[in-house]
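# Structural characterization, general
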Amino acid sequence: MRTKERNDGIDLLRIVAMFFVMMLHTIGQGGLLGVTGDGANVSIIWAMEIIAFGSINIFALISGYTGFSEEKKPFRVSKYVMRWLMVFTYSVALTLIGNAVLEDGMSGTDIAVSFFPVTCGVYWYFTAYTGLFVLMPFLDVVIRSFSEEKLKKVFVALLIVFSAYDFWADKFTPGNGFSLAWLVIMYFAGAVIKKCEIGAYMKNRTLILIIVLCNFFTWVWKMVTPTFVFLNIRISGDTFVDLTAPTLVISSMAFVILFSKLRIKKDGDMQKFIRFCAPAVFAAYIICSHMLVWWHVLPGRFAFLQARSGIELVGIVLAFSALCLGISVLIERGRMALFELIRVRKGIEWLEDKMRERMFRQKKEHISDKERIEMLMNAQKKHSTLLHPETKMENDTAPAQSLTPTVDMQSLNPDDVEVGIKEDF
């Protein structure tokens, strides 16, 4: 499971998870969840809703699985800036399109809000992801510092407190999982799955069985459980239809483990399809969650399906979800090509590198002689240990004065000191 190469299985899961998100939008905002009664179509609608509901957990788990690395890597703000530019582009462009095509146009408030997608919370997931992005380096440091045994204990404790307990008590994760706090927990879980190789030796059919059983239990609970109050806590059929519910959390983790183990034929048609679509799928969420689509295109559009057969219902929902995803990917691919043509990424990375160099020079100029000596000694000790590990034990038992050599300031190698400073960035 550990590899420095791009994991095509995980990228395929990104596509599947975004397809699930499109299903949620079609079913929910499309008016199908408003269907009441005990008919077969109600059961089918909720089966599709529950299968797709864990997609948000899957995306957060993927962030931890792909974002964490045992090796310390520079914190690249340019990665976030590129993602923000994509969100900003669609937020503003779709608002202006709506203002032009809608009979009443878009309100002045809507137009103003579109220019501040994070500040105004236009897209809740991206707003929460912004906070998660800032915390990622600190989470990675914590995860690296823990042994696998300790991480597994923390992992289990988090699942017990924030999932098994809190999904019904609702005391620690606001918004039933639609929050930064829950994304942080899922990021941590995804990173632990990667580092500790949780589930690496589980058979694929076992993982599939786990997914089926978890979703089946959630669906049965939704269909048969009446609403009642227990210990002043409201319990209903919706209790397990929650991002923090154990069944959906376990199912989402099983998805990540299962797809991480998939082996896609190199240079085959499937790999080409995955690598074309995966980098662009997030745009589908941004486009289809925009106020123009959310409030003027989707509302009640599919309510008529409640009177159709189950086969028609499922077919139309799946087809429309696939269509939304496909069109969004093509649009995003066009935007990516345009940004590549005008070298937006290179410009942002150049600016970030220049800022880093300036910070590096400032730190180098203000470093004291004592700090230079300490950095040189640490660098020498580090390289000596790497080249001659057998000397470590001898140094540990040597007299204290032998570990404190006299350093001539004139003989300091600036390159050695530079290495020590650059490691901080």
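Residues numbered from 1 in each chain as written. Predicted model: local features only at pLDDT ≥ 70, side-chain atom pairs only at ≥ 80, totals over all residues. Heavy atoms only, no water.

Take F276: it is sitting in helix 11 (residues 269-277). Judged by its relative accessible area of 37%, F276 is partly exposed. For the pair formed by F276 and R333, sequence separation is 57 residues and the distance between their alpha carbons is 8.3 Å. (Helix = DSSP H or I, 4+ residues; strand = E, 2+ residues; numbered from the N terminus. Buried < 20%, exposed > 50% of the residue type's maximum accessible area, 1.4 Å probe, protein only.)

One way to put it is that helix 3 (residues 55-67) packs onto helix 10 (residues 246-260) with a least axis distance of 9 Å and a crossing angle of 50 degrees. One element, helix 3, and the other, helix 10, form an angle in the oblique class. By crossing handedness, the relation of helix 3 to helix 10 is classed as right-handed. Where helix 3 approaches helix 10, its residues N57, I58, L61 and Y65 are matched on the opposing element by L248, V249, S252, M253, F255, V256 and S260. When grouped by side-chain class, the residues that make up the contact of helix 3 with helix 10 number eight nonpolar, three polar and no charged. (Axes fitted to C-alpha atoms, helices over the stretch in contact; angles between N-to-C directions. Parallel < 35°, antiparallel > 145°, perpendicular 65-115°, else oblique. Left-handed = near helix turned anticlockwise from the far one by under 90°. Contact = heavy atoms within 4.5 Å. Nonpolar A, V, L, I, M, F, W, Y, C, P; charged D, E, K, R; others polar.)

A few words on the layout of surface pockets. Approximately 550 Å³ is the volume attributed to the second largest pocket. Looking at the lining of the second largest pocket, the elements that each hand over two or more residues are helix 1 (8-28), helix 2 (40-53), helix 3, helix 6 (124-145), helix 12 (282-288) and helix 13 (291-296). The biggest single contributor to the lining of the second largest pocket is helix 1, with five residues. Of the residues assigned to the lining of the second largest pocket, the class counts are 17 nonpolar, five polar and one charged. (1 Å grid on protein atoms, 1.4 Å probe; cavity = no way out; pocket = protein on both sides within 12 Å on 5 of 7 lines; lining within 4 Å. Points joined across faces, edges and corners; volume = space filled by probe spheres on them.)

Inspection of the entire model under this criterion finds 22 aromatic pairs. Residues F53 and F178 carry aromatic rings whose centres are separated by 6.4 Å and whose planes lie at 80 degrees to one another, so their mutual orientation is edge-to-face. Residue F53 is located in helix 2, and its partner F178 is located in the loop between helix 7 (148-169) and helix 8 (180-195); the two are separated by 125 residues in the primary sequence. Overall, F53 belongs to the buried group, its relative accessible area being 12%. The class of F178 is partly exposed, set by a relative accessible area of 36%. Judged by centre distance (6.3 Å) and plane angle (45 degrees), the ring pair of Y129 and F133 falls under tilted. Within this pair, Y129 and its partner F133 are both found in helix 6, separated by four residues, close to a single helical turn. (Phe/Tyr/Trp six-rings, centres within 6.5 Å; stacked < 30°, edge-to-face > 60°.)

Most peptide bonds take the trans form, and the phi angle of most residues other than glycine is negative. At E197, a residue that is not glycine, the phi angle is positive and equals roughly 50 degrees. Within the element layout of this structure, E197 appears in the loop between helix 8 and helix 9 (204-224). Positive phi, close to 60 degrees, is recorded for R343, a residue that is not glycine. As for its placement among the helices and strands, R343 is situated in the loop between helix 14 (310-341) and helix 15 (344-365).

Let us now look at helix 3. When the terminal C-alpha atoms of helix 3 are compared, their 18 Å separation across 13 residues agrees well with the 18 Å that a helix rising 1.5 Å per residue should span. For helix 3, the buried fraction is high: 12 of the 13 residues fall into the buried class. Burial in helix 3 covers these residues: S55, I56, N57, I58, F59, A60, L61, I62, S63, G64, Y65 and G67. Contacts made by the buried residues of helix 3 are with helix 1, helix 2, helix 6, helix 8 and helix 10. (Expected span 1.5 Å × (residues − 1).)

Under the counting rule described, the total for this entry stands at 11 salt bridges. Close ionic contact of K195 with E70 constitutes a salt bridge, the shortest N to O distance being 3.7 Å. One end of the pair, K195, is in helix 8; the other, E70, is in the loop between helix 3 and helix 4 (77-101), with 125 residues separating them in the sequence. Looking at K195, the relative accessible area reads 6%, which means it is buried. A salt bridge links D353 to R76; the nearest nitrogen and oxygen atoms lie 3.2 Å apart. Pair noted here: D353 is in helix 15 and R76 is in the loop between helix 3 and helix 4, with a separation of 277 residues, a long-range link. Assessed through its relative accessible area of 32%, D353 is described here as partly exposed. Classification of R76 by relative accessible area gives partly exposed; the value is 24%. Salt bridges linked by common partners bring R76, E352, D353 and R356 together as one network. (Salt bridge = Lys/Arg side-chain N within 4 Å of Asp/Glu carboxyl O.)

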